[in-house]
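Here are the chains, one letter per residue:
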Amino acid sequence: MSTRTITIEVLRYRPEQDQEPFFQSYTVPCDEDWVVLDALNYIKDELDRTLSYRWSCHMFVCGSCGIVVDGEPKLGCKAFVKDYGDKIRVEPLGNFPIERDLVVVIDDFIEKLESVNPYLIPKEEKSIDDGEYLQTPAQLKAFKQYSMCINCLLCYSACPQYGLDPSFVGPAALALAHRYNMDSRDVGRKAREDVVASHEGIWECSFVGACSQVCPKDVDPAGAIQQTKITSAIDYVTSFLPGGNR
Amino acid sequence: MDVINTDIAIVGAGGAGLRAAIEIAEADPKLNVVLISKVYPMRSHTCAAEGGAAGVIKANDSLDYHFNDTVGGGDWLTDQDAVELFVNEIPRELTRMEHWGCPWSREDAGTVAVRPFGGMKVMRTWFAADKTGFHMLHTLFQTTLKYPSIKRLDEHYATDLIVDGGRVQGAVCLEMSTGKLKLVKAKAVIIASGGAGRIFPFTTNGAIKTGDGMAMAYRAGAALKDMEFVQYHPTGLPGSGILLTEGCRGEGGYLLNKDGYRYLQDYDLGPATPEPVLKSMELGPRDRLSQAFWHEQKKGRTAASKWGDVVYLDMRHLGEKLINERLPLVRDLACSYVGTDPVTDLVPVRPVVHYMMGGIHTDIDAATTIDGLYAAGECACVSINGANRLGSNSLGELLVFGARAGRHAVEHIRTTKPAADKLVEKQASDAEQRIKLLFERKGKERVSVLRNELTHSLEDGCGIYRSGDLIQATCDKVSEVRDRYKDVMLEDKSSVFNTDLFQVLELGAMIECAQTVAVSALERKESRGAHQRLDHVERDDVNYLKHTMAFYNPNGDPRIDYLDVVITKSQPAARVYGAAAGGQHI
């Protein structure tokens, strides 16, 4: 297998010893089919035990290894070295505080994910003995795309609005709320409305669409947010009609 | 040291741990649950399971069929009371997942769809396209958010169990973001920390699968059972070891050798029919398919590639629509990693380490031999998998036995009085001292070097086919690595997210697990399921219809003992696949 020697510039920051983040360069002989994560593993094993980053599955599904590669949010396991030049710049995801090196603090996202009530709220509890809820393939398709989010947070890193105002609920959490709202088995939209349709929710999105562009799983959070805006606007208008709940 | 008091601590927040947590929260909302995990729950390796979860639901199926498939598939090393209970309970568990929102793939009428899977006589595998584990994990994680009694310690690495007065009293864990040690005092502990596939160099398992929980229970005195049984999945991508689900073959994919020949027909799995037949050919069990690759390789009928020898997975005849609908991740992975599109190209594959049939010995209530300690999921061995797990039984296992672990932990708390806990603080401070020592000591052995030597030695001696002399060499190597580990070097001395430290601790766990695999393999002088010995080629029911039990020995090889297999209604017989197995035609 042919190898190419690449300079990997990694943003380093160890809060106990570094005043501020700085770039450190490593020379890595990369196999032709390596991903950037493989290069980081090489650095960790062969060159520098002090480099920290998150990773696990190496197959685009656990969502651990989100990083910024040459300015673009990427999964480390899906950024192929062959698509880059002889110098690759690797940074932690944007819009999150750096914990250490490529590891960012994601507590804010976890709180937002928890805030949208992301679980099925059925009309009435059904007994297990009565079997499954029926759901046609078309009904499944209505939300399936929005259930594919791996919480890798590339979308938060790319989102200009989240960068400006961290109170914005943000793409992945809003897409997840939409996933349950669109599920034929669910009636929980009202319960999610407080967060989703609040000032910090969908209305803050300026529809740049960067989230959908960087999403490695084609979830299309921007589309989810736009669709939610439409339903919420209709709700708002109909609430003034006779029989409305305003 | 910070002390957290709780009722039940769970180590591991993958499928089994999350399922256990929900069970406890539903059984008694007043009980406090602390869920300790070295990663955020959605990073757990359950997410990587692709194909599905088997459970009898259709009219042409029966619980007896699922029982017989599982017992025979496990080469009669399964405990039949456990299998019976498992096949009974799993359909309800899968339905419960549906009620919690799991996006199962559907039939036109809206009922849950099932797909064919290896070693199963009829179609019974529920699936969510080819991301079943991912959807189950996220559904379970999101469902736990409904229950305020479940508190999470995300990114906390559990280092030690606390056992005092013959009873488990909690666990010690390290907060990864600060390096601070915490003592979680609990009346019961459930280990649900997954397998140890990373003890092999070529595996589908994620980086986190280092056997931490298995080793923790083992060091505390629990037996590791049947550790010699390591599953090779027949279709991994060469180079990376990435899994291509058995669903590829379930949907009708072929395995071809370098001549384009469906070679499985030469290994008592035929005849080769164009349409899939269950329990035949590509839908045979994983052990037999991986062994067939080995024989093809010996015959020179595998193809050479830049990643070594491969065979081919042919899905071209399935068509783009079906592949996009049912195998989208497979297409993405094959295109990205080996540059072949299953719609138009043959995809190179080879066997890859995938699953540990063995694990912490438990009874059918998920209870270990340590009072108050439970285990469920891949880290446990109950045993429903015996000598070879059937694909799509593990996702069901983590639900059924995760729930049982939760239920019985609650029961345990209700019925047992508090025990003496004089030694709890002392044990916690011992754990602290061990870590402190790593920071103070100089050390000269590098983690990556030791890990490399360990994993390659396991592949050499405990691969698809094994022999006494090679296993012995592996045992010797593992002992040597275990000795050298005492002088392991911690190069990063910082407190904040010190991944050097976690890799050092993980390597310690890997070495313990590896030693039980090698020594158990050496002692089992027969061939059964995934344990094939070239120097003992026959199954030996007289001497080895038994579970291997490995017990911790700090100063040498584990002590090996044996436990009888539970047989209720299926007497050991020959495993039959191919036409004679009478599998469903699709």
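Keep in mind that what you see is a predicted model, and the values were worked out from it rather than measured.

### Let's talk about the overall build of chain B
Looking only at helices and strands, one finds 15 helices and 24 strands in chain B. Against the compact-globule benchmark of 25 Å for 586 residues, chain B has a radius of gyration of 23 Å, which places it among compact chains. Put simply, chain B has 586 residues, and 69% of those count as buried. A separation threshold of at least 6 residues defines the contact pool for chain B, and within that pool the share at least 24 residues apart is 75%. A total of about 18,000 Å² of accessible surface is found on chain B, and carbon and sulfur atoms cover 50% of it.

### Points about the sheet that holds strand β4 (residues 72-75) of chain A
Residues and elements named next belong to chain A. Strand order in the open sheet formed by five strands is β2-β1-β5-β3-β4, and the pairing between neighbours is mixed. Of all the strands in the sheet, just β2 (22-31) and β4 have a single pairing partner and so form its edges. With strand direction ignored, the average angle separating the axes of adjacent strands in the sheet is 35 degrees. In this structure, strand β1 (residues 3-12) lies alongside strand β5 (residues 87-91), joined through four bridges in parallel fashion. Bridging across to β5, isoleucine 8 finds its partner in isoleucine 88. Helix α1 (residues 36-47) rests against β1, β2, β3 (66-69) and β5 of the sheet, and its axis sits at about 105 degrees to β2.

### Considering the domain arrangement of chain A
All names here are of chain A. Domain boundaries in chain A define domain 1 (3-104) and domain 2 (107-238). Computed over C-alpha atoms, the centres of domain 1 and domain 2 are 30 Å apart. In this assembly, 15 residues from domain 1 lie in contact with 15 residues from domain 2. Buried surface at the junction of domain 1 and domain 2, both sides included, amounts to about 1,100 Å², of which 63% is carbon and sulfur. Interface area lost by domain 1 to domain 2 is led by Pro73, Asn95 and Phe96, which between them contribute 48%. Taken together, the links from domain 1 to domain 2 amount to zero salt bridges. Seen at the junction of domain 1 and domain 2, the total is six residue pairs in polar contact (both at pLDDT 80 or more). Mapped by element, the contributors of at least two residues to the side of domain 1 that touches domain 2 are β3 and β4.

Cut-off values and rules
Residues numbered from 1 in each chain as written. Chains lettered and ligands numbered in written order. Predicted model: local features only at pLDDT ≥ 70, side-chain atom pairs only at ≥ 80, totals over all residues. Heavy atoms only, no water. Helix = DSSP H or I, 4+ residues; strand = E, 2+ residues; numbered from the N terminus. Rg over C-alpha atoms; globule rule 2.2 N^0.38 Å. Buried < 20%, exposed > 50% of the residue type's maximum accessible area, 1.4 Å probe, protein only. Contact = heavy atoms within 4.5 Å. Areas by Shrake-Rupley, 256 points an atom, 1.4 Å probe, with all protein chains shown as cover. Pairing = 2+ DSSP bridges. Axes fitted to C-alpha atoms, helices over the stretch in contact; angles between N-to-C directions. Domains from an automatic or database assignment. Buried area = accessible area lost by both parts, 1.4 Å probe. Salt bridge = Lys/Arg side-chain N within 4 Å of Asp/Glu carboxyl O. Polar contact = N/O pair within 3.5 Å; in protein donor to acceptor, adjacent residues only side chain to side chain.

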